[in-house]
Amino acid sequence: MAEQETGARVGIVCGSRSDFPVMEKAVEMLGRLEVPCELHAISAHRAPELLFRFIAGAEERGIRVFIGGAGGAAHLPGVIAAKTILPVIGVPIPTQVGGGLDSLLSIVQMPRGVPVATVAIGGAENAALLAAEILAISDPALRARLTAFREAQTLAIEEDASNADLRGAP
Ligand code: RP5
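Everything in this summary refers to the structure shown in the same document. Treat the numbers as computed from the prediction; the structure is a model and nothing was measured.

## Overview of the nonpolar core
Phase 1 of the analysis: Grouped together as the largest cluster of nonpolar side chains are 28 residues, with contacts concentrated most on V10, M23, L33, V35, I67, V91 and L142.
Phase 2 of the analysis: Counting only elements with at least two residues in this core, the list comes to β1 (10-14), α1 (20-32), β3 (65-70), β4 (88-92), α5 (124-136) and α6 (140-158).
Phase 3 of the analysis: Considering every element that reaches this core, the biggest residue donor is α5, with eight residues.
Phase 4 of the analysis: When near neighbours in sequence (up to four residues on either side) are disregarded, L142 contacts L33, V35, A132, L135 and A136.
Phase 5 of the analysis: Residues V13, I42, L76 and A81 belong to the second largest nonpolar core, which totals 19 residues.

Shown next, in the form of structure tokens:
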């Protein structure tokens, strides 16, 4: 059966609804950049068949990049990467036990041949920015929005009151 296009270009999946507070920061950043995305909670351990179905239909529905967020035994991004050759970005979710270092090591230590681009612990905004940068390779309007975002970020620092003395300095 043909998959329905939803307009989403980034598929965000996390291992649990408990990851939503972190992963919603990726949704927010993508919204700011006008990149359509979708967010799902699908555990690789608890619902592997549903996850595989989601991944299998994603490209036909318009998804071009995945972001996977998981904590602890954080296999989700690696499992997604095992089932697709679309780029996968992993977000290690902070945890009570290891502070998220457990999640980071679970996600970053992928075997040769199946990469996951891993961002910092809790780094959902950077995952969104990286996904947007990948899409911007073939989307000049998005590239312009990303450039404007960077410029605004730099300007905000230059205009910070703590840097008043430095304005106009050589
Ligand atoms: C992982 O286990 C999830 O990504 C989550 O970070 C962690 C705990 O999940 P819950 O027990 O809160 O559902 O799979």
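## Details of the pattern of salt bridges
Phase 1 of the analysis: Per the counting criterion, the structure on display carries two salt bridges.
Phase 2 of the analysis: With its nearest N and O atoms 3.2 Å apart, the salt bridge here joins E38 to R61. In this pair, E38 is assigned in strand β2 (residues 37-41) and R61 in the loop between α2 (48-58) and β3, connecting sequence segments 23 residues apart. The pair formed by E38 and R61 is uniform in burial state, with each residue classed as buried.

## A few points about the site of the ligand
Phase 1 of the analysis: Around the ligand, the structure places G15, S16, S18, D19, R46, A70 and G71.
Phase 2 of the analysis: The contact in question runs from an oxygen atom of the ligand to an N or O atom on the side chain of D19, over 2.6 Å.
Phase 3 of the analysis: Bound to the protein, the ligand loses 65% of the 360 Å² it would expose on its own.
Phase 4 of the analysis: Class assignment of the residues belonging to the shell around the ligand gives a composition of one nonpolar, four polar and two charged.

Each value, and the rule that gives it
Residues numbered from 1 in each chain as written. Predicted model: local features only at pLDDT ≥ 70, side-chain atom pairs only at ≥ 80, totals over all residues. Heavy atoms only, no water. Core = buried A, V, L, I, M, F, W, Y, C linked by side-chain atoms within 4.5 Å. Buried < 20%, exposed > 50% of the residue type's maximum accessible area, 1.4 Å probe, protein only. Helix = DSSP H or I, 4+ residues; strand = E, 2+ residues; numbered from the N terminus. Contact = heavy atoms within 4.5 Å. Salt bridge = Lys/Arg side-chain N within 4 Å of Asp/Glu carboxyl O. Near = heavy atom within 4 Å. Polar contact = N/O pair within 3.5 Å; in protein donor to acceptor, adjacent residues only side chain to side chain. Areas by Shrake-Rupley, 256 points an atom, 1.4 Å probe, with all protein chains shown as cover. Nonpolar A, V, L, I, M, F, W, Y, C, P; charged D, E, K, R; others polar.

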